[in-house]
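# Coordinates in review
Residue-level listing of the chains:
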Amino acid sequence: MFSHVTIGSNDLTKAKPFYDTLLKPLGLVRHLEFPTGLGYGRAGGRPQFWVVSPLDQKAATVGNGITIGLEAETRDAVDAAHKAGMAAGAKDEGAPGLRPHYHPDYYGAYLRDLDGNKICVVCHRKP
């Protein structure tokens with residue numbers, strides 16, 4: 001359904017190692033890098049997750065109520081991504097665990113990136 005997701009960053013130099021670390025357990029790699037953006041996607045695929053400096057050249061800000069959901073193949077990958085993100089400087093917004101109020105097999109973790117964007121890593125599969 002989605003072509004891509006783009007989030008803003010005020011410091012791509014810091015965002016690059018953060019997202020390289022966070023996305024690795026999910027099988028996502030950096031495909032493109034240019035002065036105003038970073039493009040990530042599955043190996044052999046195309047960039048579908050973009051971290052960019054805003055085009056209007058104003059400061060990137062966090063949208064209230066916006067969460068970027070990244071799908072993990074396994075619950076272990078959710079755990080690994082959350083741990084990697086935290087080690088890279090994220091703020092915890094919810095430790096890995098079941099969220100049965102969404103559905104019985106929703107296993108997710110929440111964090112905020114270096115610019116305050118809310119990121120969810122979730123596995124929808126049974127263990």
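Below: a short report on this structure. (Residues numbered from 1 in each chain as written. Predicted model: local features only at pLDDT ≥ 70, side-chain atom pairs only at ≥ 80, totals over all residues. Heavy atoms only, no water.)

### Description of unusual backbone geometry
The test is simple: Numbering of helices and strands starts at the N terminus; helices are DSSP runs of H or I of at least 4 residues and strands are runs of E of at least 2. Between buried and exposed lies partly exposed: a residue is buried under 20% and exposed over 50% of the maximum accessible area for its type, with that area taken using a 1.4 Å probe on protein chains only.
One non-glycine residue, Gln57, lies in the positive phi region at around 65°. Mapping Gln57 onto the fold places it in the loop between β4 (49–52) and β5 (67–71). For Gln57, a relative accessible area of 75% translates into the label exposed.

### Description of empty space enclosed by the protein
The probe, sized like a water molecule, is rolled over the atoms to show the empty space still left. In plain terms, the rule: Here a cavity is any set of points on a 1 Å grid over the protein atoms alone where a 1.4 Å probe fits but cannot get out, and a pocket is any open set with protein on both sides within 12 Å along at least 5 of 7 lines; a residue lines the site when it has an atom within 4 Å of a point. Grid points are joined across faces, edges and corners, and a volume is the space filled by probe spheres set on the points. The classification used treats Ala, Val, Leu, Ile, Met, Phe, Trp, Tyr, Cys and Pro as nonpolar, Asp, Glu, Lys and Arg as charged, and all other residues, Gly among them, as polar.
Under the criterion given, the structure shown has 1 cavity of 30 Å³ or more. Counted as a void, the largest cavity has a volume near 30 Å³. Lining the largest cavity are Ile7, Gly8, Ser9, Ala15, Phe18, Tyr19, Val51, Asp113, Leu114 and Asp115. Every element with two or more residues in the lining of the largest cavity is listed here: β1 (5–8) and α1 (12–23). Considering each element in turn, the lining of the largest cavity owes the most residues, 3 residues, to α1. Of the residues contributing to the lining of the largest cavity, the split by class is 6 nonpolar, 2 polar and 2 charged.

### Digging into the side chain of Asp105
Keep this limit in mind: Pairs of N or O atoms are called polar contacts if they sit within 3.5 Å, as long as, within protein, a hydrogen donor faces a hydrogen acceptor (for residues adjacent in sequence, only side-chain-to-side-chain pairs). Contacts are assigned to residue pairs that have any heavy atoms within 4.5 Å of one another.
One can find Asp105 in the loop between β6 (91–98) and β7 (107–112). The class for Asp105 is buried, based on a relative accessible area of 17%. Of the polar contacts made by the side chain of Asp105, one reaches the side chain of Lys126; its length is 3.5 Å. In this structure, Asp105 is in contact with Arg75, Leu98, Cys123, His124, Arg125 and Lys126, ignoring residues within four places of it in sequence.

### A few points about the packing of α1 against helix α2 (residues 75–87)
Put simply, the rule reads: In this analysis, axes come from line fits to C-alpha atoms, helices being fitted only over the stretch in contact, and the angle between any two N-to-C directions falls in the range 0 to 180 degrees. Just so you know how the angles are binned, under 35 degrees is roughly parallel, over 145 roughly antiparallel, 65 to 115 roughly perpendicular, and the rest oblique. In this scheme the handedness of a crossing depends on how the near helix is turned from the far one: anticlockwise by less than a right angle means left-handed, clockwise means right-handed.
Remark: α1 packs on α2, axes separated minimally by 7 Å, with the N-to-C direction vectors making an angle of 160°. Regarding the angle of α1 to α2, the classification is roughly antiparallel. As for how α1 packs across α2, the hand of that crossing is right-handed. Within the contact between the two elements, α1 uses Phe18, Thr21 and Leu22 and α2 uses Ala81, Ala84 and Gly85.

### Observations concerning the sheet that holds strand β8 (residues 118–123)
Here is the rule: One bridge is not enough; two strands pair if DSSP finds at least two bridges between them.
Read across the sheet, 4 strands follow the order β5-β8-β7-β6 without closing on themselves; strand pairing throughout is mixed. Each edge of the open sheet carries a strand with a single partner, namely β5 and β6. Neighbour to neighbour, the strand axes of the sheet diverge by 15° on average, direction disregarded. Here β7 runs beside β8; their pairing, made up of 6 bridges, is antiparallel. Each residue of the ladder has a partner; that of Arg112, found in β8, is Lys118.

### What to know about the packing of aromatic side chains
Stated precisely, the cut-off is as follows: Pairing of aromatic rings covers Phe, Tyr and Trp, the last counted by its six-membered ring, and requires centre-to-centre distances within 6.5 Å; plane angles under 30 degrees mean stacked, over 60 mean edge-to-face, and any other angle means tilted.
Enumeration over the complete set of coordinates arrives at 5 aromatic pairs. Summarising the aromatic geometry, the rings of Tyr102 and Tyr106 are spaced 4.7 Å apart at their centres and angled 55° between planes, so their arrangement reads as tilted. Residue class for Tyr102 comes out partly exposed when judged on its relative accessible area of 49%. Grouping aromatic residues by their ring pairs yields a cluster made of Phe18, Tyr19, Tyr40 and Phe49.

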